[in-house]
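# Reading the structure
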Amino acid sequence: MIRFCALFVFVPFVFGCGEPDGEALYDAKCAVCHGSDGAGQTTTPSIQFELSQLSLNEVVQTILEGSESGDMPPIVLNDSEAEAVALWAMENLADPNADASE
Ligand code: HEC
């Protein structure tokens, strides 16, 4: 049943599965580039340090509009999904001691 609800996380209001699931959204929308732990992979940088420095609004804005340099494309999510994934990432992946240059 949890799996079933996760499938419908993108239409929570239709299927009544509640608030957007930040972890499931991260896995679906971010992990492909940033890795499941936020440490980055191949050409994508780690965001562990950035997540510990940016405000919630800045992370949400990065998600919805892409990064300032344009290297990260805007991610297609609605506002509450973007906030849920930003909060989850900030709570679970942020590391102020991570090497920002990695
Ligand atoms: C297509 C690959 C890709 C995807 C998908 C992606 N990112 Fe990024 N992201 C990047 C790249 C590349 C950068 C570095 C951009 C730069 O330095 O300008 C970045 C940078 C960031 C930053 C740091 C921005 C800053 O100001 O330093 C955050 C935070 C971030 N991503 C969060 C996310 C979250 C959360 C998701 C999922 C909703 C996500 N990203 C999905 C490629 C991606």
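Structural data are supplied above this passage.
Residues numbered from 1 in each chain as written. Predicted model: local features only at pLDDT ≥ 70, side-chain atom pairs only at ≥ 80, totals over all residues.

Moving on, we come to helix H6 (residues 56-65). Every buried residue of H6 is listed here: Val59, Val60 and Ile63. The arc that holds every buried residue of H6, seen down its axis, measures 100 degrees, which confines them to one face. For H6, the secondary structure elements touched by its buried residues are helix H5 (48-53) and helix H7 (79-92). In the segment just after H6, Gly66 is the residue with positive phi, at about 85 degrees. (Buried ≥ 20, exposed ≤ 12 C-beta atoms within 10 Å, placed from the backbone. Helix = DSSP H or I, 4+ residues; strand = E, 2+ residues; numbered from the N terminus. Arc of directions from axis to C-beta. Contact = placed C-beta atoms within 7 Å.)

On to the environment of Thr62, then. In this structure, Thr62 sits in helix H6. Judged by C-beta crowding, with 19 C-beta atoms within 10 Å, Thr62 ranks as partly exposed. Thr62 sits 20 residues away from Ala82 along the chain, and the two C-alpha atoms are 9.5 Å apart.

This part covers the packing of H6 against H7. At their nearest, the axes of H6 and H7 sit 9 Å apart, and the two run at 120 degrees to each other. Classed by the angle they form, the pair H6 and H7 counts as oblique. Pair H6 / H7 crosses with right-handed handedness. Contact residues: Leu56, Val59, Val60, Ile63 and Leu64 in H6; Ala82, Glu83, Val85, Ala86, Leu87, Ala89 and Met90 in H7. In terms of residue class, the contact of H6 with H7 is built from 11 nonpolar, no polar and one charged. (Axes fitted to C-alpha atoms, helices over the stretch in contact; angles between N-to-C directions. Parallel < 35°, antiparallel > 145°, perpendicular 65-115°, else oblique. Left-handed = near helix turned anticlockwise from the far one by under 90°. Nonpolar A, V, L, I, M, F, W, Y, C, P; charged D, E, K, R; others polar.)

What follows concerns the environment of Ser55. Mapping Ser55 onto the fold places it in the loop between H5 and H6. Classification of Ser55 as exposed rests on a count of 10 C-beta atoms within 10 Å. C-alpha separation for the pair Ser55 and Met90, spaced 35 residues apart in sequence, amounts to 9.1 Å.

Between helix H3 (residues 22-29) and H7, the shortest axis-to-axis distance is 8 Å and the interhelical angle comes to 95 degrees. Relative to H7, the element H3 lies roughly perpendicular. Packed against H3, whose contacting residues are Gly22, Glu23, Leu25, Tyr26 and Lys29, the element H7 presents Glu81, Ala84, Val85, Leu87, Trp88 and Ala89 at the interface. Across the contact of H3 with H7, the residue classes tally to seven nonpolar, one polar and three charged.

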